[in-house]
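# Coordinates in review
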Amino acid sequence: MAESDVLTQPLAEISPMSPEVLACPHQFNQRLRKEAPLYHCPHTGIYFVSDYDTITKIAKDHVTFSNRFALATVGDKEVDPRIKEIQAQGYPPVDTMLTQDPPVHRRYRGMVNQAFTARRVATLEPEIEKVCHKLIDEFIDRGEAEFVVEFCEPVPMIVIAEQLGVPLADYELFKSWSDAFVAQLSRMATPDEEVAAAKLIVAYQHYFAERIEERRKDPHDDIISDIVHAKFEDERPLDIPEMLSIIQQLLVAGNETTTNAIAECVLMWIKYQDQFAKLKANRDLVPNLVEEILRLSTPTANMWRVVTIDTEIQGTPIPAGSTVQIRFSSANRDEQKFPNPHRFDVERDNAKSNIAFGYGVHMCIGASLARKEMDVAFRVLLERFDEFELACDESELSYAPNVLLRGLSRLPVRFKPA
Ligand code: HEM
């Protein structure tokens, strides 16, 4: 679908799940905000919500709008018998944090919070800085790099692997498992890709079940040990399927999203050199850079909610059982909240009001870690580079099609070291 079609076609003729709209949802979102901030999509039956105020209201009301959407995303579709056979060799899936509601959600959140203490995040700064410099040292003399692969992916992956307490030598395995979870989430995988992803997920389960047993006997200062030994009120400790579900969320949410935010920062540098000249002159602007990049990139572009009781949104009745998609990427460009919303402005005074980490009880548990990674990575980039330019035509840049997550698949650049 051409960009101009998204501007001119009637809304009902645009497929929101088309790879083009998923890759660049901004014009479609803008039309939704203007013409139908609550939109009942005739292609999917899903209710899309696109304005900031309604999205925050929905995210706060976890009683009416449930996160138990795992079933909704799979739907009633018959599971491929090949996948059933593979899954039988693994651990059963359980709904933990992201796909669970209060009060059960509170127990998981309480336990995992013990692993994401402010102390742990604060001590990470020198480590993240070391990782960033080491990665840059590998390619700086070349004058060019595939930035997604050589920098944006490894930074969060190395940090989370170290925090989980698993060997970096297994980096390729973590990446393949994280990609398998993302493929499952994308809803765009072919049946064969789904089978391949199921095999990788079972391999992930066995690998981490072993690490869990090791930490049970011999705790270290790492997240797996904290999760294995976490206590919350009088609740029983977490069992292995619960821990696997939580570690899976940390692995995926901790990687893909932060990678996408860092890549978007380099793209913004290429597009808005004047803004980065300001940053070069004044590093105090970096915390606001982090917020403005979160706002514009919104790596978790969309999220599901399932309606538990007959309700209404903006006066429109929504029956129980409906699937609602809250479009964080649209809220973060809502002109009522962010004037001139598509413009990258490192001095935007309300950039921090972005809801890239969500809102309400499910608000991202890794937000302070992600902010720290972005802050350190951006400072190191400003220190090591003077200029970036694209090493391909802008039309060759592509965003991986995914209904929930959004980010550049590649970013070939040439650069001038500082
Ligand atoms: C720029 C990076 C990140 C972005 C944009 C992001 C975004 C989000 C959003 C929007 C939610 C809320 C989902 C909802 O409302 O249903 C969320 C939840 C979550 N995030 Fe993140 N995230 C990021 C980084 C991380 C990191 C680094 C971790 C952990 C290592 C993490 C772990 C989680 C988990 C476990 C949840 C579920 C929390 C719950 O349901 O209570 N995220 N994230």
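Quick note: structure is the one above.
Residues numbered from 1 in each chain as written. Predicted model: local features only at pLDDT ≥ 70, side-chain atom pairs only at ≥ 80, totals over all residues.

### Observations regarding the overall build of the chain
- Assigned secondary structure in the chain consists of 20 helices and 10 strands.
- For 418 residues, the compact-globule estimate of 2.2 N^0.38 gives 22 Å, and the C-alpha radius of gyration of the chain, at 21 Å, lies within 12% of that figure.
- The buried share among the 418 residues of the chain stands at 41%.
- Within the chain, contacts between residues at least 6 apart in sequence are counted, and of these 75% link residues at least 24 apart. (Helix = DSSP H or I, 4+ residues; strand = E, 2+ residues; numbered from the N terminus. Rg over C-alpha atoms; globule rule 2.2 N^0.38 Å. Buried ≥ 20, exposed ≤ 12 C-beta atoms within 10 Å, placed from the backbone. Contact = placed C-beta atoms within 7 Å.)

### Here we look at the environment of His362
- With respect to the element layout, His362 can be found in the loop between helix H19 (328–331) and helix H20 (367–384).
- Sequence spacing of His362 and Pro25 is 337 residues, and the spatial spacing of their C-alpha atoms is 24 Å.
- In this view, His362 contacts Asn67 and Leu98; residues no more than four positions away in its chain are not counted.

### As for the sheet that holds strand S8 (residues 323–327)
- Read from one edge to the other, the open sheet built from 5 strands follows the order S1-S2-S8-S5-S3, with strand pairing classed as mixed. This sheet does not close on itself; its edge strands, each paired only once, are strand S1 (38–40) and strand S3 (65–66).
- Each of strand S2 (47–49), S3, strand S5 (302–307) and S8 touches helix H4 (residues 52–60); the most contacted strand, S8, lies at about 125° to it. (Pairing = 2+ DSSP bridges. Axes fitted to C-alpha atoms, helices over the stretch in contact; angles between N-to-C directions.)

### Here's the deal with the pairing of strand S10 (residues 412–417)
- Across 3 bridges, the pairing between strand S4 (residues 144–146) and S10 is antiparallel. Residue pairing in the sheet places Glu146 in a bridge with Pro412 of S10.
- As paired strands, strand S9 (residues 385–390) and S10 are joined by 5 bridges and run antiparallel to one another. By the bridge assignment, Leu390 is partnered in S10 with Val413.

### Thoughts on helix H12 (residues 171–186)
- For H12, built from 16 residues, the straight-helix expectation of 22 Å at 1.5 Å per residue is met to within 8% by its first-to-last C-alpha distance of 22 Å.
- Every buried residue of H12 is listed here: Phe174, Trp177, Ser178, Ala180, Phe181 and Ala183.
- On its buried side, H12 packs onto helix H11 (154–164), helix H13 (191–217), helix H15 (240–253) and helix H16 (256–271). (Expected span 1.5 Å × (residues − 1).)

### Focus: the site of the ligand
- Around the ligand there are 26 residues in total, and Ala253, Gly254, Gly358, Cys364 and Gly366 lie nearest to it.
- Secondary-structure elements contributing two or more residues to the shell around the ligand are H15, H16 and H20.
- Considered class by class, the residues forming the shell around the ligand number 16 nonpolar, 9 polar and 1 charged. (Near = placed C-beta within 6 Å. Nonpolar A, V, L, I, M, F, W, Y, C, P; charged D, E, K, R; others polar.)

### Thoughts on the sheet that holds S10
- Reading across from one edge, S4-S10-S9 is the order of the 3 strands in this open sheet, with antiparallel pairing throughout. Edge positions in the sheet fall to S4 and S9, since each has one partner strand and no second. Looking at each pair of strands side by side, their axes are set apart by 30° on average, direction ignored.
- Sheet contacts for H16: S9 and S10; angle to S9, the most-contacted strand, approximately 90°.

### What to know about the nonpolar core
- With 105 residues, the main nonpolar core has Val155 and Ile227 as its most contacted residues.
- Aside from chain neighbours lying at most four places away, what touches Val155 is Val131, Cys132, Leu135, Ile262, Glu373 and Ala377. (Core = buried A, V, L, I, M, F, W, Y, C linked by C-beta atoms within 7 Å.)

### Details of the packing of helix H18 (residues 286–297) against H20
- Direction vectors running N to C along H18 and H20 enclose 115°, while the axes themselves pass 9 Å from each other. H20 is crossed by H18, and the crossing has right-handed handedness. Between H18 and H20, the contacting residues are Val286, Pro287, Leu289, Val290 and Ile293 on the first element and Arg371, Met374, Asp375, Phe378 and Arg379 on the second. (Left-handed = near helix turned anticlockwise from the far one by under 90°.)

### Observations concerning helix H7 (residues 104–113)
- Within H7 the residues assigned to the buried category are His105, Arg107, Tyr108, Met111 and Val112. Buried positions in H7, seen along its axis, are confined to an arc of 160° and lie on one side of it. (Arc of directions from axis to C-beta.)

### With respect to unusual backbone geometry
- For the peptide bond that leads from Pro102 to Pro103, omega is 5°, which places it in the cis range.
- Structurally, Pro103 is set in the loop between helix H6 (81–87) and H7.
- Of note, Thr298 is a non-glycine position whose phi angle comes to about 35°, a positive value.
- Summarising the element assignment, Thr298 is placed in the loop between H18 and S5.
- Of note, Asn340 is a non-glycine position whose phi angle comes to about 50°, a positive value.

### Some thoughts on the packing of helix H9 (residues 125–139) against H20
- One way to put it is that H9 packs onto H20 with a least axis distance of 9 Å and a crossing angle of 45°. Here H9 is positioned oblique relative to H20, judged by the angle of their axes. Helix-helix and strand crossings are classified by hand; for H9 and H20 the assignment is right-handed. Judged by residue contacts, Glu125, Ile128, Glu129, Cys132, His133 and Ile136 of H9 engage Lys372, Glu373, Val376, Ala377, Val380 and Arg384 from H20.
- Class assignment of the residues belonging to the contact of H9 with H20 gives a composition of 6 nonpolar, 1 polar and 5 charged. (Parallel < 35°, antiparallel > 145°, perpendicular 65-115°, else oblique.)

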